[in-house]
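Coordinate analysis (summary)
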Amino acid sequence: MADSENDLAALIGSRVCHDLISPIGAINNGLELVAMSGNVMSQEMELIAQSVNNASARIRLFRIAFGVAGEQLIGRAEIVSILTDLYAQGRMRVTWDVAEPQPRQDIRLAFLAVLCLETGMPYGGNITVSKDGANWQFVGTAEKLLIDPDLWQLLGGGPRTGSLEPRHVQFGLLPGFAHDAGRKIKSSADETDIKLTF
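Residues numbered from 1 in each chain as written. Predicted model: local features only at pLDDT ≥ 70, side-chain atom pairs only at ≥ 80, totals over all residues. Heavy atoms only, no water.

1. A look at the nonpolar core
- Ranked by internal contacts, the top residues of the largest apolar core, which has 45 residues, are Trp96, Phe111, Trp136, Phe138, Trp152 and Leu196.
- No other element matches the 10 residues that helix α4 (residues 104-119) contributes to this core.
- The next biggest cluster of nonpolar side chains, apart from the first, holds five residues, and it includes Ile24, Leu31, Ala49 and Val52. (Core = buried A, V, L, I, M, F, W, Y, C linked by side-chain atoms within 4.5 Å. Buried < 20%, exposed > 50% of the residue type's maximum accessible area, 1.4 Å probe, protein only. Helix = DSSP H or I, 4+ residues; strand = E, 2+ residues; numbered from the N terminus.)

2. Overview of the packing of helix α3 (residues 76-87) against α4
- Interaxial distance between α3 and α4 falls to 13 Å at its minimum, and their mutual angle equals 20°. Classified by the interaxial angle, the pair formed by α3 and α4 is roughly parallel. For the pair α3 and α4, the sense of crossing is right-handed. In contact with Ile79, Ile82, Leu83 and Tyr87 of α3, α4 contributes Ile107, Phe111, Val114, Leu115 and Glu118. (Axes fitted to C-alpha atoms, helices over the stretch in contact; angles between N-to-C directions. Parallel < 35°, antiparallel > 145°, perpendicular 65-115°, else oblique. Left-handed = near helix turned anticlockwise from the far one by under 90°. Contact = heavy atoms within 4.5 Å.)

3. Observations concerning the packing of aromatic side chains
- Enumeration over the complete set of coordinates arrives at six aromatic pairs.
- A centroid spacing of 6.3 Å and a plane angle of 70° characterise the contact between tryptophan 96 and phenylalanine 111, whose relative ring orientation is edge-to-face. Of this pair, tryptophan 96 sits in strand β2 (residues 92-96) while phenylalanine 111 sits in helix α4, placing them 15 residues apart in sequence.
- Under the relative-accessibility criterion, tryptophan 96 is labelled buried at 2%.
- For phenylalanine 111, a relative accessible area of 0% gives the class buried.
- Over the ring of phenylalanine 177 we find arginine 108; its NZ or CZ atom is 3.7 Å from the centre of that ring. (Phe/Tyr/Trp six-rings, centres within 6.5 Å; stacked < 30°, edge-to-face > 60°. Lys NZ or Arg CZ within 6 Å of the ring centre and 35° of its normal.)

Put into structure tokens, the structure is as follows:
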């Protein structure tokens, strides 16, 4: 993907997330007011609250993963908050083993990588994110993996054999953004582990 196409995709991502975060935040604020009123929240209201929290976390992640990357640093606490809220209700767990704040550009690549690993782990599992010097490492472990070779070859610069589905857009974006950042992606998988580095 050309640089201009990368930029346009990022601008679209930023715009969509920006327009969605305000109404989601307003719903969340309304739920907090209901909770503060002293009324016991019904199961239906609790379900709505869980859904709003998940939607908010997903938009926060998408805003970084698919949006415009700047030079500002993002701290570990914010990253862990996003990942914890996003996967709190599911079968996936992400461990962020990077202590120092990181440039937004790197976090964009990391979040896209997490989304790629998640695709290969549809039944849940654990993803560990770590860093060795300047190199990022991602390891996904699950009892059962579902690896689509046509998708994973895209990460190494392989040809696209067909059109991408919307749920696989991260496989189309990550190679381009990594190339723009001067990084080369390597991936491998066996029966229970997926590994990705750049």
